[in-house]
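Fold and geometry: a report
Residues per chain are reported as follows:
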Amino acid sequence: ITGNVLQIVHTQAQNTQGVTSTSYAKFNGYDTAITPSSTSSKILIHFGYHIFRAAWNINAWRGAAVRLMRVTGDTVLLTDGADYGVAALFTDANDRYMAFASSSFLDTPNTTSATTYGLECKVSGGGTVDFNNSSYGKQGFITLYEIAG
């Protein structure tokens, strides 16, 4: 029946990742594969991640950007938009910022072959971003739902 959930695949992020790169790079622990049962199926991707950002310089914006990838085929599906993604203005050397962000995307891969989805991340404004540090908050996740087409 169109719209029914046919299968669910879930991955819980297990590791903290400190990121300093200003170019998008693989977000460890998120690559998750699903094999659609029909070419008409859609894949609903829901993901989340925790960030911790400490001041690096004062009076400047600092951010963390994440994008969703169909790793199979190296296709960007969804970005945070601007370079800063989740960001804050740091006005003091002791400023800190934490957030949990999540998003969803409905993909139409048009295949019955295994398809892998994952995330990439980068830093804006210098310094380091800690992703998914369990000392600061809950770990991230990615969940794939095959929806009958």
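Relevant structure appears above.
**Here we look at the pairing of strand β6 (residues 60-70)**
With respect to burial, β6 is a largely interior element, ten of its eleven residues being buried. Sheet topology note: the β6/strand β8 (residues 86-90) ladder contains five bridges and is antiparallel. Note that in β8 the partner of W61 across the bridge is L89. As judged from the four bridges shared by β6 and strand β7 (residues 75-79), these two strands associate in the antiparallel manner. By the bridge assignment, R67 is partnered in β7 with T79. In textbook terms, the turn of a hairpin is the stretch between consecutive antiparallel strands, and for β6 and β7 this stretch comprises four residues, one of which, G73, has a positive phi near 95 degrees.

**A word on the nonpolar core**
Counting residues in each nonpolar core, the largest one holds 26 residues, and the members touching the most others are I45, Y49 and F131. Secondary structure elements with two or more residues in this core: β5 (42-54), β6, β9 (96-107), β10 (115-124), β11 (129-131) and β12 (141-147). Among the elements that line this core, the one with the most residues is β5, at five residues. Excluding anything up to four places from it in sequence, Y49 contacts F27, Y30, V66, D80, V86, A99, F100, A101, F131, N132 and G140.

Conventions and cut-offs
- In this convention, every chain numbers its residues from 1, walking through the sequence in written order.
- Residues qualify for local features only when their pLDDT is at least 70, as the model is predicted, and side-chain atom pairs are given and counted only at 80 or more; totals for whole chains, interfaces and linings, by contrast, use all residues.
- To get the side-chain values, take all heavy atoms of the structure and skip hydrogens and water.
- Relative accessible area decides the class of each residue, using a 1.4 Å probe on protein chains only: under 20% of the type maximum gives buried, over 50% gives exposed, and in between gives partly exposed.
- Labels follow the DSSP assignment, with helices taken as runs of H or I lasting at least four residues and strands as runs of E lasting at least two, numbered in each case from the N terminus.
- At least two bridges found by DSSP between two strands are what make those strands a pair.
- Only buried residues count toward a nonpolar core, which is a set of Ala, Val, Leu, Ile, Met, Phe, Trp, Tyr and Cys residues joined through side-chain atoms within 4.5 Å.
- Any pair of residues with heavy atoms lying within 4.5 Å of one another is described as a contacting pair.

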